[in-house]
Amino acid sequence: MEEKIPYKIYLEESEMPSSWINLRAFMDKKPAPLLSPTTLKPITQEELSKVFCDELARQELDDTSKYIEIPEEIRNFYKMYRPAPLIRAYCLEKALKTPAKIYYKFEGNNTSGSHKLNSAIAQAYYAKQQGLKGVTTETGAGQWGTALSMACSYFDLECNVFMVKCSYEQKPFRREVMRTYGAFVTPSPSMETEIGKKINEEFPGTSGSLGCAISEAVEVASKNPEYRYVLGSVLNQVLLHQSIIGLETKTALDKYGVTPDIIIGCAGGGSNLGGLIAPFMAEKLQGKKDYRFIAVEPSSCPTLTRGVYAYDYCDTGKVCPLSKMYTLGSGYIPAASHAGGLRYHGMTSTLSELYDQGLMEATSVTQTEVFKVAQQFARVEGILPAPESSHAIKVAVDEALKCKETGEEKTIVFGLTGTGYFDMYAYQKFNDGVMQDYTPSDEELQVAIEKLPKI
Ligand SMILES: *Cc1c(COP(=O)(O)O)cnc(C)c1O
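Every value quoted in this text rests on a predicted model; they were computed, and no experiment measured them.

1. Here's the deal with the overall build of the chain
Moving on, step 1. Check the secondary structure of the chain and you find 18 helices and 15 strands.
Moving on, step 2. Against the 2.2 N^0.38 benchmark of 23 Å for 455 residues, the chain shows a C-alpha radius of gyration of 20 Å, consistent with a compact globule.
Moving on, step 3. Overall, the chain is about 60 × 50 × 45 Å in size when its C-alpha atoms are taken along their principal axes.
Moving on, step 4. Buried residues in the chain amount to 63% of all 455 residues.

Shown next, in the form of structure tokens:
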């Protein structure tokens, strides 16, 4: 049996899921409702529809439908780059001399280079359905903006991207990919929005943050009725769309009768991890199977491991709904680390609640240890991983090394969310031995946490 497992488990097109799985619908104790930023009462679909597309607002509030059908046009787009392979890391296992069996789900097989396209195409589809002219968004490291640019060009929608300034400067080629797909890209904080001007005044020379960029994008969308705002992580709808990762992973493992012991993913806003674990966590919640789930975050932005579980704004501008989540405070601006996709102050409410209930674990790692493992992974497995994804590799390797000590043959699955070709500046720093780690002090974290809204 064991010998028969191929290096890459591919699924047939016909084995691709036809519905997303909505993890919240399986939870007895649901995540707390989103609150309106103006009334501080649970937000209604009507209020949400002012910011998001109608169908996406509906998905955002749906915590009862266990499965939601994937529209055929989205499925057809998925077929251009999915099903994504589940890869058995034979070479990594050998290098580590571990009895553990390691698998990774690779989401980097598309031009945007990450899992974000899975939700981008769905969001663009619903915007087009509604007859909108375009969408606005923010992008941190650039993966989301790139994914959305691709999705918008497919459906002939305008795409207006506010890109966190430090990434805009560090990753000029990302910007050019977006422009190639027809997007307008503006560094954030900009002087084009009220909130951008205000942030620039308060924090002159700031390198920006995802939170500020979100506020700018929301402001532009809310001033133009033919536009809506779309977001690449954190929201329930994004977790829903990303569940295709977990559903395919489960189908591939089931084909070979493999049951994972540990499932690991990096966590920024929590969408890839939420998507990867969805069908497995649903089984755990129903008492069918037990799995260990581990969220890995950067020590420079330790949302689950050092944040508080409270209502907070999803954005620095305090215009998005409030979500009860693990948060470092919406005013927290993380140090400019090289895992831009993980620099977000909060964690999606579903994962926050699961973590709070003790159903999921979390750990944090420093960027130099992450790059060390990234380099090792690239050398043995061939794929040059994104710094974000490498957080998951680091913990998968640690768990595999523990198995080496105990002799346990555990099965470990992790999400390899993307490739790192646009992160060579970071790799250069690492290769030159000048990369530094930054872990905030308790006092630093306390400053933003004290400013949380009192609810
Ligand atoms: C955005 C991103 C992440 C983190 O986002 P989540 O919403 O937590 O999944 C991880 N890896 C890559 C490659 C990304 O682009």
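Following the structure, the description resumes.
2. Overview of the sheet that holds strand β9 (residues 227–229)
Consider a sheet: its strands pair through backbone hydrogen bonds, and that pairing is either parallel or antiparallel.
Moving on, step 1. Strand order across the open sheet formed by four strands is β8-β7-β6-β9, with parallel pairing between neighbours. The sheet terminates laterally at β8 (184–188) and β9, the two strands that pair on one side only. Taken pair by pair, the neighbouring strands of this sheet meet at an average axis angle of 20°, ignoring direction.
Moving on, step 2. The pairing of strand β7 (residues 158–164) with β8 spans five bridges and is classified as parallel. Bridge pairing in β8 places V164 opposite S188.

3. Regarding the domain arrangement of the chain
Moving on, step 1. Domain annotation of the chain identifies domain 1 (2–13 + 82–113 + 242–449) and domain 2 (19–69 + 115–229).
Moving on, step 2. Distance from the C-alpha centre of domain 1 to the C-alpha centre of domain 2: 22 Å.
Moving on, step 3. On the side of domain 2, 50 residues touch domain 1, which itself brings 49 residues to the contact.
Moving on, step 4. Put simply, domain 1 and domain 2 have two salt bridges between them.
Moving on, step 5. At the boundary of domain 1 and domain 2, one finds 12 residue pairs in polar contact (both at pLDDT 80 or more).
Moving on, step 6. Secondary structure elements with two or more residues in the side of domain 1 that touches domain 2: α11 (236–255), α12 (271–285), β12 (308–313), β13 (322–327) and α14 (349–356).
Moving on, step 7. With eight residues, the single largest contributor to the side of domain 1 that touches domain 2 is α12.
Moving on, step 8. When grouped by side-chain class, the residues that make up the side of domain 1 that touches domain 2 number 21 nonpolar, 19 polar and nine charged.

4. Comments concerning the site of the ligand
Moving on, step 1. Taken together, 19 residues are adjacent to the ligand, and K116, S233, G268, N272 and T417 come closest.
Moving on, step 2. One of the side-chain N or O atoms of K116 is found 2.5 Å from an oxygen atom in the ligand.
Moving on, step 3. Between the ligand and S233, the relevant distance is 2.4 Å, taken from an oxygen atom to a side-chain nitrogen or oxygen of the residue.
Moving on, step 4. Expressed as a share of its isolated accessible area of 380 Å², the protein-covered part of the ligand is 98%.
Moving on, step 5. Broken down by secondary-structure element, the contributors of at least two residues to the shell around the ligand are α12 and α16 (387–406).

5. Details of the pattern of salt bridges
Between side chains of opposite charge, pairing is possible as soon as their charged atoms come close.
Moving on, step 1. Applying the stated criterion across every chain yields a total of 25 salt bridges.
Moving on, step 2. Taking the shortest distance from any N to any O, the salt bridge between K171 and D423 comes out at 2.8 Å. In this pair, K171 is assigned in the loop between α7 (165–170) and α8 (172–180) and D423 in the loop between β15 (411–416) and α17 (424–431), connecting sequence segments 252 residues apart. Of the two residues, K171 and D423, both sit in the buried class.

6. Looking at the environment of E283
Moving on, step 1. Positionally, E283 belongs in helix α12.
Moving on, step 2. Separated by 257 residues in the primary sequence, E283 and F26 place their C-alpha atoms 8.8 Å from one another.
Moving on, step 3. Non-local contacts of E283, meaning those with residues more than four positions away in its chain, are made with K250, K288, K289 and Y291.

7. Things to note about α11
Moving on, step 1. Compared with the 28 Å implied by 1.5 Å per residue over 20 residues, the 29 Å span of α11 between its first and last C-alpha is a close match.
Moving on, step 2. At Q242, α11 is deflected by roughly 30°, the largest bend along its length.
Moving on, step 3. Most of α11 is tucked away, with 17 of its 20 residues classed as buried.
Moving on, step 4. Looking one or two places after α11, you find G257, whose phi comes out positive at around 65°.

8. Here we look at helix α2 (residues 54–61)
Moving on, step 1. Within α2 the residues assigned to the buried category are L56, A57, Q59 and E60. Angular distribution of buried residues about the axis of α2 spans 160°; they occupy a single face of the element.
Moving on, step 2. Contacts from the buried residues of α2 go to β2 (19–21), α1 (45–48), β3 (67–69), α5 (117–129) and α11.

Thresholds, definitions, all that
- Residues numbered from 1 in each chain as written.
- Predicted model: local features only at pLDDT ≥ 70, side-chain atom pairs only at ≥ 80, totals over all residues.
- Heavy atoms only, no water.
- Helix = DSSP H or I, 4+ residues; strand = E, 2+ residues; numbered from the N terminus.
- Rg over C-alpha atoms; globule rule 2.2 N^0.38 Å.
- Buried < 20%, exposed > 50% of the residue type's maximum accessible area, 1.4 Å probe, protein only.
- Pairing = 2+ DSSP bridges.
- Axes fitted to C-alpha atoms, helices over the stretch in contact; angles between N-to-C directions.
- Domains from an automatic or database assignment.
- Contact = heavy atoms within 4.5 Å.
- Salt bridge = Lys/Arg side-chain N within 4 Å of Asp/Glu carboxyl O.
- Polar contact = N/O pair within 3.5 Å; in protein donor to acceptor, adjacent residues only side chain to side chain.
- Nonpolar A, V, L, I, M, F, W, Y, C, P; charged D, E, K, R; others polar.
- Near = heavy atom within 4 Å.
- Areas by Shrake-Rupley, 256 points an atom, 1.4 Å probe, with all protein chains shown as cover.
- Expected span 1.5 Å × (residues − 1).
- Bend = angle between axes of the 7 residues up to and from the residue.
- Arc of directions from axis to C-beta.

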